[in-house]
Amino acid sequence: MTETDIKTFTLKNGKEITLKEPTILQLESAQKKSKDELTIAKHLLVDMSEGDLTIDSINQMGVREFKRLLECVKEFMGFDPKD
């Protein structure tokens, strides 16, 4: 993987999260779990963080912090989250 395939974020609680580019299998899996773009993005973030993030931890994030992470999904996927 190259540097552009990996993004590191420091969350508000100080925990560092590394997101790796999703595989096609991870994308397909997330799309099978939901048709809702927001839910797909959450599942991708869990996979991209190799389990460092959970759906529960994502749901407890502030909106700004979550939007920062969504930018990573958008970059890797061409996914454009709605405002």
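Cut-offs used in this document
- Residues numbered from 1 in each chain as written.
- Predicted model: local features only at pLDDT ≥ 70, side-chain atom pairs only at ≥ 80, totals over all residues.
- Heavy atoms only, no water.
- Helix = DSSP H or I, 4+ residues; strand = E, 2+ residues; numbered from the N terminus.
- Expected span 1.5 Å × (residues − 1).
- Buried < 20%, exposed > 50% of the residue type's maximum accessible area, 1.4 Å probe, protein only.
- Axes fitted to C-alpha atoms, helices over the stretch in contact; angles between N-to-C directions.
- Left-handed = near helix turned anticlockwise from the far one by under 90°.
- Contact = heavy atoms within 4.5 Å.
- Pairing = 2+ DSSP bridges.
- Polar contact = N/O pair within 3.5 Å; in protein donor to acceptor, adjacent residues only side chain to side chain.
- Core = buried A, V, L, I, M, F, W, Y, C linked by side-chain atoms within 4.5 Å.

Caption draft 1: Structural detail: helix α2 (residues 37-48). Compared with an ideal rise of 1.5 Å per residue, which puts 12 residues at 16 Å, α2 spans 16 Å between its outermost C-alpha atoms and is within 8% of the ideal. Along α2, the residues that are buried comprise Ile40, Ala41, Lys42, His43, Leu44, Leu45, Val46 and Met48.

Caption draft 2: Up close: the packing of helix α1 (residues 24-33) against α2. With their axes 8 Å apart at the nearest point, α1 and α2 run at an angle of 145 degrees to one another. Relative to α2, the crossing made by α1 is right-handed. Within the contact between the two elements, α1 uses Gln26, Leu27, Ala30, Gln31 and Lys33 and α2 uses Ile40, His43, Leu44 and Asp47.

Caption draft 3: A look at the pairing of strand β2 (residues 16-20). Alternating residues of β2 divide into Ile17 and Leu19, all buried, and Glu16, Thr18 and Lys20, none buried. Pairing geometry for strand β1 (residues 6-10) and β2, over five bridges, is antiparallel. Paired with Lys7 across the bridge in β2 is Leu19. Linkage of β1 to β2, two consecutive antiparallel strands, is achieved through a turn of five residues, within which Gly14 is found at a positive phi near 95 degrees.

Caption draft 4: Examining unusual backbone geometry more closely. Of note in the backbone geometry, Glu50 takes a positive phi value of approximately 55 degrees without being a glycine. Structurally, Glu50 is set in the loop between α2 and α3 (55-59). The class of Glu50 is exposed, set by a relative accessible area of 57%.

Caption draft 5: Spatial organisation of the side chain of Ser34. Its place among the elements puts Ser34 in the loop between α1 and α2. By relative accessible area, which is 16% here, Ser34 ends up buried. Within the local environment of Ser34, its side chain forms a polar contact with the backbone nitrogen of Asp36, the two atoms lying 2.9 Å apart. Not counting chain neighbours up to four residues away, the residues in contact with Ser34 comprise Thr39 and Ile40.

Caption draft 6: Quick look at the nonpolar core. Within the largest apolar cluster, 20 residues are counted, with the highest numbers of intra-cluster contacts made by Leu19, Leu44, Leu45, Leu53 and Leu69. Counting only elements with at least two residues in this core, the list comes to β2, α1, α2 and α4 (63-77). No other element matches the six residues that α2 contributes to this core.

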